[in-house]
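# Notes for the structure review
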Amino acid sequence: MEVQPAEVVIKWMLDHLTSQDPEYQHFYAKPGSDVALMINNLGGTSVLELLIIAKSAIKYLTIFNVARVYIGRFMTSLEMAGVSLTVLNLCDKDWIQYLDFQTTAPAWHNSFDANS
């Protein structure tokens, strides 16, 4: 794949992830559902690039309520350039509270409310 703008790459990734085709369906949530978005830095991606990716992903996911966004190095690969995206359907309102709990897990950061 040749280098593409962030919006194109994020659309391609999230189209695949949120596809309604049963052969490819990996994620399902009704429009308007609360979701959490995790943008994992594989190790060699700059903060500026991560924020551009975050903006593109949040913009793409406007059919959902992106309730939480997590950006950082959660699982790296020896300074590999790139990211992975995870979208979690917060089908139970308690899940947001669980995600917000304080933790001592080394890679887990405190969350922020994407709507504020």
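In this report, the structure presented in the accompanying data block is examined. (Residues numbered from 1 in each chain as written. Predicted model: local features only at pLDDT ≥ 70, side-chain atom pairs only at ≥ 80, totals over all residues. Heavy atoms only, no water.)

### Digging into the packing of helix α1 (residues 6-17) against helix α2 (residues 47-60)
This is how it is decided: Think of each axis as a best-fit line through the C-alpha atoms, taken over the contacting stretch in the case of a helix, with angles from 0 to 180 degrees between the N-to-C directions. In this description a helix means any DSSP run of H or I spanning at least four residues, a strand means any run of E spanning at least two, and both kinds are numbered starting from the N terminus. Throughout this description, any angle smaller than 35 degrees is read as roughly parallel, any larger than 145 degrees as roughly antiparallel, any in the 65 to 115 degree range as roughly perpendicular, and the remainder as oblique. Each helix crossing is assigned a hand: it is left-handed if the near helix lies turned anticlockwise from the far helix by less than a right angle, otherwise right-handed if that turn is clockwise. Here a residue-residue contact requires only that any non-hydrogen atoms of the pair lie within 4.5 Å. Under the convention adopted here, Pro, Cys and the residues Ala, Val, Leu, Ile, Met, Phe, Trp and Tyr are nonpolar, Asp, Glu, Lys and Arg are charged, and Gly plus all remaining residues are polar.
Where α1 contacts α2, the two axes come as close as 9 Å, and the packing angle between them is 50 degrees. As far as their axial angle goes, α2 and α1 are oblique. The interaxial crossing formed by α1 with α2 has right-handed handedness. In contact with Ala6, Glu7, Ile10, Lys11, Leu14 and Asp15 of α1, α2 contributes Ile52, Ile53, Ser56, Ala57 and Tyr60. In terms of residue class, the contact of α1 with α2 is made up of seven nonpolar, one polar and three charged.

### A word on the packing of aromatic side chains
For clarity, the threshold we go by: Working definition: a ring pair exists when centres of Phe, Tyr or Trp rings (six-membered ring for Trp) sit within 6.5 Å. Plane angles under 30 degrees give stacked, over 60 give edge-to-face, the rest tilted. Here the term buried applies to any residue with accessible area under 20% of the maximum for its type, exposed to any over 50%, and partly exposed to those in between, with areas from a 1.4 Å probe on protein chains only.
Under the counting rule described, the total for this entry stands at two aromatic pairs. A centroid spacing of 5.8 Å and a plane angle of 85 degrees characterise the contact between Phe27 and Phe64, whose relative ring orientation is edge-to-face. Linking Phe27 in the loop between α1 and β1 (34-41) with Phe64 in the loop between α2 and β2 (65-72), this pair joins segments that are 37 residues apart in sequence. Residue Phe27 shares its accessibility class with Phe64, and that shared class is buried. On the numbers, 5.9 Å between centres and 45 degrees between planes, the contact of Tyr98 with Phe101 is tilted. What makes Tyr98 partly exposed here is its relative accessible area of 47%. By relative accessible area, Phe101 is classed as partly exposed at 44%.

### Notes on α1
Turn by turn, an α-helix covers 3.6 residues, leaving residues three or four places apart pointing in a common direction. As a reminder of what qualifies: Any helix carries an expected span of 1.5 Å times its number of residues minus one. Directions are taken from the helix axis to each C-beta atom, and the arc is the one they span.
A rise of 1.5 Å per residue sets the reference length of α1, with its 12 residues, at 16 Å; its end C-alpha atoms lie 16 Å apart and thus fit the reference within 8%. Ile10, Leu14 and Leu17 are the residues of α1 that are buried. All buried residues of α1 project into a common sector of 50 degrees when viewed along the axis, lining one side. Each element contacted by the buried residues of α1 is listed here: α2 and β3 (83-89).

### Focus: the side chain of Asn89
Put simply, the test is: Polar contacts, as used here, are pairs of N or O atoms within 3.5 Å; protein pairs need one atom able to donate a hydrogen and one able to accept it. Residues neighboring in sequence count only if both atoms are side-chain atoms.
As for its position among the elements, Asn89 is in strand β3. Within the structure, Asn89 has its side chain in polar contact with the backbone oxygen of Tyr28 (distance 3.2 Å).

Geometry only, nothing functional implied.
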